[in-house]
Amino acid sequence: MLITLGPLDFAIILAYFIAVLTVGYRLKDKMKTSSDFLLSNHSLTHWITGVAFMSANLGALEIMGHTANGAKYGMRTNHWYWIGAIPAMVFLGLFMVRYYYSNGARSVAEYLRRRYDYRAHLLNASSFAVVTVLMSGIDMFAFAVVFRSMLGWPFTVSVLLASGIVLLFVFWGGLSSSIYNEFLQFFLIILGFLPLTFLGLREVGGWHGLMAKMPEQYTHTWKGMAAAGDPLGVPWWVMVVGLGMCASPAYWCTDYLLVQRALAAKNLSSARKTPLVAALPKMLFPFLVTIQGMIALVVAPGVVKQDYNLALPTLMGRYYHTGLLGLGITALLASFMSGMAGNITAFNTVFTYDIYQTYLAKSRSDQHYLRVGKMATIVGTTLACFSSYIVLYFNNLMDYMQLIGMLFISPFFIAFLLGMFWKRPSATAGFWGMLAGLGGATLQYVLYRVGVLTYTSPMASNMWTAVWGLAAGAVVIVTLSFTTPAPDPKSIEGFVYDPSRLKEKRTEPWYQTPVFYAAVIIAVAVTLNWVFA
């Protein structure tokens with residue numbers, strides 16, 4: 001499936017490299033403090049942070065992973081948007097961002113330290129640092145496998161090229177460089193991939209032609225779940241509980257990679273609107289990735305069924321030619337690099353503030369922490385390069401990505417949820433609940449791997465992993481909340497839901513409030529679930 005790039009294609013790719021590096025270089029002199037470098041100094045509007053929030057999620061997960069899912073699971077892939085994203089993004093904007101932003105927390109882990117104690121903080125910070133390295137490795141792997149299959153570039157060369165570009169613009173401009181480049185990359189991704197949907201639909205006979213060529217179970221989002229022939233193989237309630245109520249809010253509401261974009265906003269209202277601005281394009285992305293995966297399965301079943309990760313490269317090689325091919329390759333670069341940069345900026349912040357400053361070197365000068373943040377950028381990028389080779393053992397990027405999230409992010413959400421909306425959980429309850437969630441999720445995965453538990457697909461196992469983690473964590477936190485001393489009410493003031501503290505003087509029109517944004521998003525999401533059920 002090797003393709004040849006023309007001079008125009010190379011010119012487009014080179015222009016993209018120059019643009020992202022220029023953004024980072026121009027911000028270099030503005031990185032005077034650790035807050036400038038790691039937090040953007042809370043200076044951006046919700047339109048910038050909202051698009052960056054969405055773009056930070058547009059790495060290999062969104063583009064190659066969900067396109068592969070579209071080929072493997074059909075319309076069932078829509079669950080990762082309409083149940084697995086939108087409700088949690090709305091919940092984050094209406095409730096959780098308030099507690100992160102208003103209390104001046106520099107990270108999600110720092111909220112846990114102030115709500116519980118250092119044990120919950122260190123466990124979350126350490127596990128998240130591992131997650132960012134592994135997730136960034138996924139993007140590097142996706143970059144390398146695409147360029148190896150399409151251009152014949154060696155795997156290692158592709159990894160080094162991608163990591164080198166990301167390292168430079170993040171090292172120069174920090175979080176601000178990453179956010180501004182994510183803003184640019186979002187529109188490049190849309191422009192570069194949208195033509196594939198129209199070209200593919202034209203070949204297969206339009207929407208109705210595509211549906212006629214797919215197995216019945218591939219053409220519905222909800223209908224026939226867990227029935228014979230269901231490619232995903234999980235009941236609807238497991239999808240709602242495992243994905244919608246555990247894995248999704250754990251990712252969207254507590255993954256610092258995303259929350260960091262909201263915390264970079266200039267005020268609380270902008271911070272709350274950040275995930276709501278991102279939610280609208282998010283819910284429309286199935287028309288890009290799910291449909292393209294289904295098209296790839298119809299037009300090239302022999303290639304795609306051998307390796308679902310090749311669904312997107314197959315379409316690009318089939319439909320794109322000189323000029324348009326360069327734009328498509330650039331869109332791929334943008335998707336991979338936005339994911340890489342987002343994870344690296346999250347890693348350097350968590351390591352510098354939550355691990356190094358808190359436990360290893362307190363009371364040093366701000367310039368010292370600025371230097372550590374830049375060194376963490378180099379170390380994180382290097383570790384991500386090595387982690388990219390782990391993905392070689394999985395035939396679907398999304399299966400691997402979901403496994404990471406289910407094991408290292410989802411088990412902790414119950415501690416956030418109960419701690420934020422219930423005053424009774426103690427520091428001990430929070431910490432042991434997090435460990436129990438991690439243990440429950442790990443136990444389920446081990447039982448699946450040794451054959452004690454069997455499922456239709458690896459993704460079905462991932463959903464059950466989330467359910468086990470949620471149940472184990474909830475049981476332990478609730479039990480210990482009633483058997484250990486309650487925390488001092490003054491020590492958790494402002495960190496737990498209190499209706500009396502939520503009254504705000506409205507300074508913007510009703511149609512610009514977070515509540516109005518949320519109402520519109522919910523209405524559209526319900527409509528999409530109904531129409532494509």
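None of the values given here were measured: they were computed from a predicted structure.

(A) Spatial organisation of the nonpolar core. Counting residues in hydrophobic clusters, the biggest one holds 168 residues, and the most contacted among them are Tyr100, Phe193, Leu210, Phe285, Ile295 and Leu333. No other element matches helix 8 (residues 118-151), which puts 17 residues into this core. Dropping the residues within four chain positions of it, Ile295 is found in contact with Thr197, Gly200, Leu201, Val204, Leu210, Leu315 and Tyr319. Residues Leu44, Ala52, Leu175 and Ala264 belong to the second largest nonpolar core, which totals six residues.

(B) Here's a closer look at the packing of helix 7 (residues 108-115) against helix 20 (residues 413-421). For the pair helix 7 and helix 20, interaxial distance at closest approach is 11 Å and the crossing angle is 50°. Taken together, the axis directions place helix 7 and helix 20 in an arrangement best described as oblique. Between helix 7 and helix 20 the crossing geometry is left-handed. Of the residues in helix 20, those in contact with Val108, Tyr111, Leu112 and Arg115 of helix 7 are Phe416, Gly419 and Met420.

(C) The pattern of salt bridges, seen in detail. Scanning all chains against the criterion turns up eight salt bridges. Its salt-bridge partner being Arg106, residue Glu110 comes within 3.1 Å of it at the nearest N-O pair. With a closest N to O distance of 2.7 Å, Arg318 and Glu203 form a salt bridge. In this pair, Arg318 is assigned in helix 16 (residues 311-319) and Glu203 in helix 9 (residues 155-204), connecting sequence segments 115 residues apart. Among the charged side chains, a network of salt bridges with common partners joins Arg106, Glu110 and Arg114.

(D) The arrangement of the packing of helix 6 (residues 86-102) against helix 20 in detail. Interaxial distance between helix 6 and helix 20 falls to 12 Å at its minimum, and their mutual angle equals 75°. The angle between helix 6 and helix 20 falls in the class roughly perpendicular. Of helix 20, the residues touching helix 6 (which contributes Phe91, Phe95, Met96, Tyr99 and Tyr100) are Phe413, Phe416, Leu417, Met420 and Phe421. The class makeup of the residues in the contact of helix 6 with helix 20 is ten nonpolar, no polar and no charged.

(E) Region of the structure containing a nonpolar patch on the surface. Nonpolar side chains collect at one region of the surface, where Trp510, Tyr511, Phe516 and Val520 lie side by side and expose about 400 Å² of accessible area between them. Tracing the backbone shows Val520 in helix 23 (residues 514-531).

(F) Highlighting helix 3 (residues 46-56). Helix 3 sits mainly inside the fold: ten of its eleven residues count as buried. Every buried residue belonging to helix 3 is among His46, Ile48, Thr49, Gly50, Val51, Ala52, Phe53, Met54, Ser55 and Ala56, and all of these are buried.

(G) How the structure looks around the packing of aromatic side chains. In the structure shown here, the tally under the stated rule is 30 aromatic pairs. Ring centres of Phe183 and Phe187 lie 5.4 Å apart, and the angle between their planes is 70°; this geometry places the pair in the edge-to-face category. On the criterion of helical spacing, the pair formed by Phe183 and Phe187 is a turn pair, its members being four residues apart in helix 9. Judged by its relative accessible area of 28%, Phe183 is partly exposed.

Cut-offs applied
- Residues numbered from 1 in each chain as written.
- Predicted model: local features only at pLDDT ≥ 70, side-chain atom pairs only at ≥ 80, totals over all residues.
- Heavy atoms only, no water.
- Core = buried A, V, L, I, M, F, W, Y, C linked by side-chain atoms within 4.5 Å.
- Buried < 20%, exposed > 50% of the residue type's maximum accessible area, 1.4 Å probe, protein only.
- Helix = DSSP H or I, 4+ residues; strand = E, 2+ residues; numbered from the N terminus.
- Contact = heavy atoms within 4.5 Å.
- Axes fitted to C-alpha atoms, helices over the stretch in contact; angles between N-to-C directions.
- Parallel < 35°, antiparallel > 145°, perpendicular 65-115°, else oblique.
- Left-handed = near helix turned anticlockwise from the far one by under 90°.
- Salt bridge = Lys/Arg side-chain N within 4 Å of Asp/Glu carboxyl O.
- Nonpolar A, V, L, I, M, F, W, Y, C, P; charged D, E, K, R; others polar.
- Patch = residues over 30% accessible without salt bridge, like charges linked within 9 Å, V, L, I, M, F, W, Y side chains within 5 Å.
- Areas by Shrake-Rupley, 256 points an atom, 1.4 Å probe, with all protein chains shown as cover.
- Phe/Tyr/Trp six-rings, centres within 6.5 Å; stacked < 30°, edge-to-face > 60°.

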